[in-house]
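# Architecture and fold: a report
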Amino acid sequence: YNEMGEGDSGGGGVVTVWCCVMTFYRVAVFSYRATSDGRVLLDDEGEPKENVTATSKIVDNEALIQQWIQSQNISIQFQAAHHSQDQTQQQPKSLKHHVFQMPLASIERVEKVLSSSQRSLAGNTQTSSLTSSSNYPGILPTSSTVSSASSAMSQLGSQMKPFLGSMTSTTSNSNLLTNTASTNIANYATAGGGGPLGIILHGKDGGRWIKFSTNSYSDAMRTQEALNTYAFPGRRNLGYLFAFESRRAEVMSSGAQQQEEESQAITAPVPPTRRRFVPLEEFERQGIFTGRGDASSPWAPVLTANASYGLCASYPSLLIGPRSIVGDETPSNNATTTLPDTGIGLLRRCAAFRSENRLPTLTWGSANHGGSIWRSSQPKVGLQGNRSAEDERYLYAIGDEAKRANLAADALAEGGVGGGTGAAGKPPMEFLRMLCGRNNESDLILEGASSSCMLKIMDMRPKSAAMANRTQGYGYENTNYYRGTTINFYGIGNIHAVRDAYQKICALCISPNTSDIQWMQLVENTNWPSMTRLILSASWQTAYHVHINRLPILLHCSHGWDRTSQVSALAQLLLDPYYRTREGFSTLVEKDFLSFGHPFHTRCGHGEGKNEQGGDEGQLSPIFLQFLDCVFQLVNQFPEYFEFNARYLLLLSEHIYSCRFGTLLCDSEREREVVAGIRQRTYCLWEYLDSIPELLNPLFDKAYSEAGVLLMPLPMLLRNVTLWTDRLCMYGSKAIIPCSPPRLSSSQYTVKSGDEQPVELHTAKDVSARALKRAMDDVEIWRVTAIAALKEVEELKKSG
C-alpha cells in the first residue's frame, strides 16, 4: 500500500510490503518499502525524485505525530528495552520499517480461524493484537491496496532471498492482512465455513497474539504443521529448542575435532559457561563456616550425602546442616572425610518425612550470629498426625546451634543492631513498632515468653490450604512436638491462583476498552497487586526475624520450590548487599531457583503448548515472573541500592519463555548438569545481560551497599507497590507514559492558531533526566550552603 495511506498511485509509487518469516528462533511479521515495479528500497534510499512531489516531502509535525501514534503497537518501554535512545534518534527520517516478533518457544498455541472469526477476535474487548488493522489503521494495508502490493511482490522474491537467509520460510505479503468484508475472495481457497483461513499465534506471556492469513487451506495446514513442529517439540525433544540449536554447530565441530584427535572420552565438547552459584565458594563468602569467638561455626557442609542427587533429586549436590547433626565434613580438614553413618541415616529418615524428600537445609546465614534462612517442603503429617523423631531432632538442633552462636556473638559484642532477643544492642521498642507499622507485631517483636522461641517456622500457604493437605497425607508441623518452635501462616496463593491473577491483569492491560477512570480499582480486582504485597510482606518479616531477632527461619509451602523460592530470595535481597549487584543477583537466582529445584520447565511449558480448544493448563504458572515483579518493586522504590536497573529485569523477564538461552531450562540442577548438559550446549543468559552497559543503574551508590541490610518500614514498602507497567502493559494499545517520536526535530507541537499555547511532548528519558538534574541541582545548593555555614562558623570562632 502507498506510504501516504492511499491506494496504488501508479507509475512506480512507493508501497509498504508485509511479510511473515519463520526461523529456528522466532516468527516475525515485518515490513519493507518497495516500488510497484518490484525494486526494494533500502533504509538509506529516498523516494524516487520523479514520483515525489514537493508537498509529499514536507510533512508537518501534526501528520508525523498522528502517523507515529498509529504505528505504536507496543509500549514505549518495550521499544526502550530493545533499542537504545541514541540509536533510535539516529535512524533516517525516511525509514518506514516495523517488526512484530514472537519467539517460537513463547507460543502457547497455534489456531486456524476463518475471516469472520478473525474479525470477531479483533473486536474482542479482552484481547489485543500486535497486527490488528482495526486498532492500528496505519500499520497493515487494507483490502483495497492488495492489487498494488501484489504487483510488487511478483518481482521481489529473488531480491528478498539474501535478506531472509536460507533457513527461513516466508508467506506472501498479500495474505498478511486482516481479512475484511470487502476482500475479494475469488482467488482464495475456502474452508467449510466459506472464508479464507488464517493463523493466530497465541503467546504464553502478556496475553499477546499475532495473526495473519494464508493463500489457501493447504497453506494454512502446512503453516500450522511447521509451527507446531518447531514450537512444540515436546518434553523429550528439548534438543530442538533454539537454545540448543544456536550452539549445535559449535558443539558438533568441537566433538568431531576431539574424535580426530582420538580422545578417549568426550565429556565436555565445548568449554562450559561459567557457573554463578558455586556452593562452597558462595557459603564461604557468606561466612557461615567461620567460628563465633571460641565457639566453632554452628553450620557444616554435607558433601557426600547428595553428591549424586540420591538423597533429593531436586536439591543441589551440596547441602548445609547443623554441625551437631552432620558433623565436621569441611574439605579443609580432610578431603576424604565422609558423613558418619548415623548422620546419613538421620538425614535420609528426615528427608523421607518431607514431601519430595526436600529436607530442611540452609540457603543463607549470617557470619556474625545465628540468624539464618532454611528451606524445605511440607511434612507428611496426614490425618493421623504422623511424627518423625529424626525430623524433630533435626529442627531442634538448628535452633540450638543458632542459640549457641548468638551467645558467642553476645560475648564478643558482635551482631550490630541485632544484639539478640535480650541484648542491650537491640533497637528501642518504639523504633521496632515503627518498622512493623502494627503489622503482626505480636509475632515480630519478641519479648517475655515469646523470647523462648529458638526456631521460627514460616508456612507460606493459607492455613486452610495447609489443613486441607492433611487429607492427602501432608500438612504442617505440630509445635507441641517441635521444642522451641513457633509457626505462622502467610496466606500466599498457590500456582493456580497466581496463573488466574496473571491472566486477569494481562487481559486488563492489553484491552483497548478498559476504563481509565476505574483503572486502579480494576487493577486491584485482579488480585495481582495484593499477591505481590503478600510475598513482599513475608519476605520482609523473614529478613526482620533474621536481622533483628537473630532467629533461624524455616520457610516452606507445599513442595518448597515456588513460594518458598520467592520469599527466600527476596529476603536475601534485603539482607545481603552482594545480591543487589548484577553478579550477586545472578548467583541468587541460580541458588534459590535453579539449584533448589524451581521447576522452570513445568511452570513455563518450554517446548509444549495447548491445542486449539485450550486444553488443561495444569502446572503452568508465572512464578518466576511474579518474583521479578517483586524485585521491580524494590528497585523502583530504592534504586540507589541496586547495581542493575528496571530494564535489566524487563529483558530478563522476556527470556523466561523465549528459550534463546539455556539458563532457565529444565526443572532441577540434576537435569541441567547431568542429563541435559546445559552449560556445555547452550549460551548463558547472564553473560548476555552483563554485556549490555545500558542495564547498569546510574543511581547506584556503593555507600548504600556498604550499609548492609535494607530494612525499610513495612508500611512504606507495601503502600508504594505499583503496577509493573513496563512488563504487564508491554503489549497494550494505550499510552501509559508521556512520550513523543524521537525523530521529531522539535519538542513542541505545532501551534495551529495564534491563541493556542504550545504543548510540550516529553519522552520518558527526558523526564528522568530532568528529575536527575533537579536532584543534582539540589545537591549543589546544599553543598554551597554547607560550605558557607562552615565559613561562618570559622569566622565566629576566630572573632570569639
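Going by the structure above, here's the rest.
Residues numbered from 1 in each chain as written. Predicted model: local features only at pLDDT ≥ 70, side-chain atom pairs only at ≥ 80, totals over all residues. Heavy atoms only, no water.

### Quick notes on the packing of aromatic side chains
This is how the line gets drawn: Here the aromatic set is Phe, Tyr and Trp, taking the six-membered ring for Trp, and pairing holds for ring centres within 6.5 Å; pairs whose planes are under 30 degrees apart are stacked, those over 60 apart are edge-to-face, and all others are tilted. Secondary structure elements follow DSSP: runs of H or I of four or more residues count as helices, runs of E of two or more count as strands, with numbering from the N terminus. Burial status follows relative accessibility: with a 1.4 Å probe on protein chains alone, a residue under 20% of its type maximum counts as buried, one over 50% as exposed, and anything between as partly exposed. Put simply, a charge is over a ring when the Lys NZ or the Arg CZ is close to the ring centre, within 6 Å, and near the line of the ring normal, within 35 degrees.
One pass over the full model with this rule turns up 21 aromatic pairs. Here the aromatic rings of Tyr502 and Trp528 are separated by 5.6 Å at their centres, their planes lie at 50 degrees, and the arrangement is tilted. Of the two residues, Tyr502 is situated in helix H18 (residues 495–510) and Trp528 in helix H20 (residues 528–547); the sequence distance between them amounts to 26 residues. We classify Trp528 as buried; its relative accessible area is 2%. Here the aromatic rings of Phe600 and Phe624 are separated by 5.2 Å at their centres, their planes lie at 65 degrees, and the arrangement is edge-to-face. One end of the pair, Phe600, is in helix H23 (residues 600–604); the other, Phe624, is in helix H24 (residues 623–637), and 24 residues separate them in sequence. Relative accessible area serves as the criterion here: at 0%, Phe600 is assigned to the buried category. Judged by relative accessible area, Phe624 falls into the buried class, the value being 2%. Taken together through their ring pairs, the aromatic side chains of Phe585, Phe593, Phe600, Phe624, Phe627, Phe642, Phe644 and Tyr648 make up a single cluster. Positioned above the aromatic ring of Tyr579 is the side chain of Arg285, whose terminal nitrogen or guanidinium carbon lies 5.3 Å from the ring centre.

### Some points on the pairing of strand E14 (residues 485–489)
Inclusion rule: Here, any two strands with at least 2 DSSP bridges between them count as paired. Place the viewer so that the strands point away; then a crossover is right-handed whenever the path from the first strand over the helix to the second strand goes clockwise.
By the bridge criterion, five bridges tie strand E13 (residues 455–459) to E14 in an arrangement that is parallel. Considered in E14, the bridge of Asp459 is made with Phe489. For the crossover from E13 across helix H17 (residues 463–468) to E14, the handedness is right-handed.

### Thoughts on the sheet that holds strand E8 (residues 209–213)
Keep this limit in mind: Only the stretch in contact is used when fitting a helix axis, every axis being a line fitted to C-alpha atoms; angles between N-to-C directions are given from 0 to 180 degrees.
Sheet architecture is open: three strands sit in the order E5-E7-E8, paired in antiparallel fashion. Unpaired on one side and paired on the other, strand E5 (107–114) and E8 mark the two borders of the sheet. Taking each pair of neighbouring strands and ignoring which way they run, the sheet shows an average axis angle of 20 degrees. Sheet analysis places strand E7 (residues 197–203) next to E8, joined by five bridges and oriented antiparallel. Note on E8: the bridge partner recorded for Gly198 is Ser213.

### Observations concerning the nonpolar core
Heads up, the condition is: The set of buried Ala, Val, Leu, Ile, Met, Phe, Trp, Tyr and Cys residues whose side-chain atoms join them within 4.5 Å is what this entry labels a nonpolar core. For this analysis, residues touch if any pair of their heavy atoms sits within 4.5 Å.
Counting residues in each nonpolar core, the largest one holds 91 residues, and the members touching the most others are Ile505, Trp540, Tyr544, Phe585, Phe624, Phe627 and Leu649. At ten residues, H24 tops the list of elements feeding residues into this core. If near-sequence neighbours (up to four positions away) are discounted, Phe624 is found in contact with Val589, Phe593, His598, Phe600, Leu652, Ile656 and Leu664. In this structure, Phe277, Leu318, Cys350 and Ile487 belong to the second largest nonpolar core, which totals 37 residues.

### Quick look at the pairing of strand E15 (residues 552–556)
The element E15 is largely enclosed, with a buried count of five among its five residues. On E15, burial covers both faces: Pro552, Leu554 and His556 on one face and Ile553 and Leu555 on the other are all buried. The pairing of strand E12 (residues 372–375) with E15 spans four bridges and is parallel. Bridge assignment links Ile373 to a residue of E15, and that residue is Ile553. Sheet topology note: the E13/E15 ladder contains four bridges and is parallel. Along E15, the bridge assignment pairs Ile457 with Leu554.

### Points about the sheet that holds strand E11 (residues 361–365)
The strand order across the open sheet built from five strands is E11-E12-E15-E13-E14, with neighbouring strands paired in mixed fashion. Lying at the two open borders of the sheet, with one neighbouring strand each, are E11 and E14. Strand-to-strand twist across the sheet, computed as the mean angle between neighbouring axes with direction ignored, equals 25 degrees. Strand contacts of H20: E11, E12, E13 and E15, with the helix running at about 175 degrees to E13, the strand carrying the most contacts.

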